[in-house]
Amino acid sequence: MTQPIHIVGAGMAGSEAAWQAAQAGVPVILHEMRPAVGTFAHRTGDCAEMVCSNSFRSDDDVNNAVGQLHWEMRAAGGLIMTAADRHKLPAGGALAVDRDAFSADVTAALRAHPLVTIEDGEITALPDSGNWIIATGPLTSAALGQAIAAETGADALAFFDAIAPIVHADTIDMSVAWRQSRYDKGETEEERTAYINCPMTRAEYDAFIDALLAAEKTEFREGETAGYFDGCLPIEVMAERGRDTLRHGPMKPVGLTNAHMPQEKPYAVVQLRRDNALGTLYNIVGFQTKMKYGAQTQVFRMIPGLQDASFARLGGIHRNTFLNSPTLLDDRMRLRSRLHVRFAGQVTGVEGYVESAAMGLLAGRMAAAQALGHDLPPPPGTTAMGALVHHITGGAEAKTFQPMNVNFGLFPPVEARSGRRGRKDRYPAYTDRAKQDFTAWLSAQ
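Here's what I pulled together on the structure shown here. Bear in mind that the values here come from a model prediction, so they are computed numbers and not experimental data.

### Observations regarding the nonpolar core
One finds Phe56, Met73, Phe102, Leu110, Met359 and Phe411 to be the most contacted residues of the largest nonpolar core, which totals 75 residues. Ranked by the residues each element gives to this core, the list is headed by helix α11 (residues 353-371), at twelve residues. Contacts of phenylalanine 411, omitting those with residues within four sequence positions, involve Ala65, Gly381, Thr382, Thr383, Ala384, Ala387, Val406, Tyr430, Arg433 and Ala434.

Laid out in C-alpha cells, this is it:
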C-alpha cells in the first residue's frame with residue numbers, strides 16, 4: 001500500500017493539502033493540535049478556521065491577481081474555494097464568507113473522505129523519515145518552531161499580524177450609516193449594498209486620529225520587534241505615519257455617496273463588511289489594531305454610527321513566524337536539508353488565506369506525486385500559483401525576504417495584445433496567459 005502523507009496543521013494550507021493528496025488516491029494523516037493545545041487567535045478545533053478577516057479578497061479573475069488565483073484553485077478542484085463558494089456573502093467584487101459555516105463545511109468534507117484521518121495532538125519535532133508537509137501557519141507552536149530553527153540554523157523571521165474587531169449589526173445606527181459598495185460595484189443589489197458605511201466630517205476625523213494616537217497599546221514582549229507586514233498594518237501604526245494616511249487607506253471616502261446627505265461629501269468613511277450569513281455580524285474593514293481592549297471600545301465608538309456599538313470580538317495582535325524560504329526550500333517546497341519534509345502555507349512567507357491555501361494545494365499534489373513514484377514540477381511562473389511559489393522558493397531576495405501577497409509584479413512581463421501598456425489592457429493579458437498555462441499544467445498531470 002502507498003505510505004500515508006503526514007500533514008501537520010489543519011488550517012487553510014493543511015486542509016487543502018490533505019484534500020488534494022486524498023483526491024489523488026494517497027492516504028493522509030492530518031495532525032492538528034487544536035483544541036487540546038490552543039492559540040490566542042483560534043476559538044475552535046475545526047479545520048480552516050478563519051481568525052482574521054472573513055474575506056478572500058477580489059474575485060475578479062480578469063483584472064486581479066488574487067482573482068486569478070481563485071480561478072486556478074477552482075480549476076484544480078480546491079476544497080477551500082468550493083467551500084467558500086458555498087458560503088459566500090455579499091461583498092461587492094470580493095469573495096467573503098460566513099466563517100463558521102465555511103470552516104464547518106471544510107471539516108465535514110475532510111472527515112468524510114475515506115482516505116483522510118484527522119489525529120489530535122501536537123507534533124513537536126521534525127520527522128526523520130516519511131512524506132511530510134508542515135503547514136502550521138503563523139502560530140507554529142513553540143516546540144516545533146524551536147525544532148525548525150535548530151534544523152535550519154537560522155532564526156525564524158517575525159512580524160505582527162493584527163485582527164480587526166467585529167460589531168453586532170443591530171447596534172449600528174443606520175440613521176447615520178448607509179449601505180453601499182464602493183462605486184456601487186456588484187452585479188446584484190445585494191452586492192451593490194454589501195458594505196455599511198460610517199461617514200466622518202473633518203472635525204470628527206481629526207478627533208478620531210487624536211484618540212487613536214493617544215490610546216493605550218499592547219506592549220511587545222522582550223525579544224520581539226515590531227516589524228509589520230504592510231498589507232496588515234494596525235490602524236494606529238498607519239496613523240503614526242501621517243494624519244491623512246488612514247483617509248487615503250481603509251477610510252478613503254471615494255466611490256461612496258452618503259444616502260442621508262447626498263449633497264455633502266464625507267471627509268472620511270469607515271466601512272464594515274458582513275461577517276456571517278445571517279447578517280448579524282460585521283467586521284470593520286482594514287481596522288486591525290493593537291490597542292488594548294478598553295481603549296478599543298472608547299475609540300471605535302467615536303465613529304459616527306458606532307456610538308452604541310456592541311462588539312462580538314475586539315481586535316488583537318500576535319507574533320507571526322515564517323521561514324526564509326528562498327534559502328531553505330527547493331522548488332518542490334521541500335526543506336533542502338530534509339527532502340522528505342515539505343512546507344506549505346503562511347509559514348513559507350506567503351500572506352493571506354488564498355495564498356496559504358494555494359501553497360497547500362501545490363504541496364499536497366507534489367507530495368502525492370512523490371508517493372505515487374512521480375515528480376511534479378511547479379506551475380509555470382506565468383500563472384498566479386506559479387509566480388507565487390517561484391517567488392518564495394528563489395525569486396525573492398533572501399536578505400530582505402518578507403511575507404508576500406500574490407500580485408502582478410511577480411509575473412513575467414507580458415505585452416498586451418493591443419500593444420498598449422495601460423493596466424486596462426495589461427491585466428487581462430496576464431490573466432489570459434495564466435489561464436492558458438495553468439490549464440496546460442493541469443492537463444499534463
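That covers the picture; the talk isn't over yet.
### Details of empty space enclosed by the protein
For the coordinates displayed, the defined rule picks out one cavity of 30 Å³ or more. Size it by volume and the largest cavity reaches roughly 30 Å³. Every residue along the wall of the largest cavity is listed here: Glu32, Arg34, Gly45, Cys47, Thr107, Arg111, Ile118 and Asp120. Its residues assigned to classes, the lining of the largest cavity comprises two nonpolar, two polar and four charged.

### Describing helix α5 (residues 142-152)
Turning to α5, its buried residues are Leu144, Ala147, Ile148 and Thr152. The arc that holds the buried residues of α5, viewed along the axis, is 120°, so those residues lie on one side. In α5, the exposed positions angled more than 90 degrees off the buried face are occupied by Ala142, Gln146 and Ala150. Each element contacted by the buried residues of α5 is listed here: β1 (5-8), β7 (132-134), α10 (325-328), β16 (334-335) and β17 (338-343). The positive-phi residue at the C-terminal boundary of α5 is glycine 153, with phi of around 70°.

### Considerations on the sheet that holds strand β2 (residues 28-32)
Taken together, the six strands give an open sheet; going across it, the order is β6-β2-β1-β7-β17-β16, and neighbouring strands pair in mixed fashion. Pairing within the sheet leaves two strands with one partner each, and these edge strands are β6 (116-120) and β16. When β1 meets β7, the two strands line up parallel, connected through three bridges. Of the residues in β7, the one forming a bridge with isoleucine 7 is isoleucine 133.

### Re the side chain of threonine 152
Following the sequence through the fold, threonine 152 ends up in helix α5. By relative accessible area, which is 18% here, threonine 152 ends up buried. A polar side-chain atom of threonine 152 sits 3.4 Å from the main-chain carbonyl oxygen of alanine 149. Those residues in contact with threonine 152 that sit more than four places away from it in its chain are Leu328 and Leu335.

### Regarding the sheet that holds strand β4 (residues 88-89)
Taken in spatial order, the three strands line up as β3-β5-β4 in an open sheet, and their pairing is antiparallel. Bordering the open sheet on either side are β3 (55-58) and β4, each of which pairs with just one other strand. Note: β4 against strand β5 (residues 94-97), two bridges, orientation antiparallel. What sits directly across from leucine 89, in β5, is alanine 96. The strands that helix α3 (residues 79-86) touches are β3, β4 and β5; relative to β5, the one it contacts most, it runs at about 80°.

### Some details on the pairing of strand β13 (residues 281-284)
Here strand β9 (residues 166-168) runs beside β13; their pairing, made up of three bridges, is antiparallel. Bridge assignment links histidine 168 to a residue of β13, and that residue is leucine 281. Pairing between strand β12 (residues 268-274) and β13: three bridges, direction antiparallel. Looking at β13, one finds that arginine 273 is bridged to asparagine 283. The antiparallel hairpin formed by β12 and β13 contains six residues in its connecting segment, where glycine 279 sits at a positive phi of about 75°.

### Notes on helix α4 (residues 99-112)
Taking 1.5 Å per residue, 14 residues should reach 20 Å; α4 reaches 20 Å between its end C-alpha atoms and fits that length. Looking at α4, one finds that the buried residues are Arg99, Phe102, Ser103, Asp105, Val106, Thr107, Ala109 and Leu110.

What counts, and where the lines are drawn
- Residues numbered from 1 in each chain as written.
- Predicted model: local features only at pLDDT ≥ 70, side-chain atom pairs only at ≥ 80, totals over all residues.
- Heavy atoms only, no water.
- Core = buried A, V, L, I, M, F, W, Y, C linked by side-chain atoms within 4.5 Å.
- Buried < 20%, exposed > 50% of the residue type's maximum accessible area, 1.4 Å probe, protein only.
- Helix = DSSP H or I, 4+ residues; strand = E, 2+ residues; numbered from the N terminus.
- Contact = heavy atoms within 4.5 Å.
- 1 Å grid on protein atoms, 1.4 Å probe; cavity = no way out; pocket = protein on both sides within 12 Å on 5 of 7 lines; lining within 4 Å.
- Points joined across faces, edges and corners; volume = space filled by probe spheres on them.
- Nonpolar A, V, L, I, M, F, W, Y, C, P; charged D, E, K, R; others polar.
- Arc of directions from axis to C-beta.
- Pairing = 2+ DSSP bridges.
- Polar contact = N/O pair within 3.5 Å; in protein donor to acceptor, adjacent residues only side chain to side chain.
- Axes fitted to C-alpha atoms, helices over the stretch in contact; angles between N-to-C directions.
- Expected span 1.5 Å × (residues − 1).

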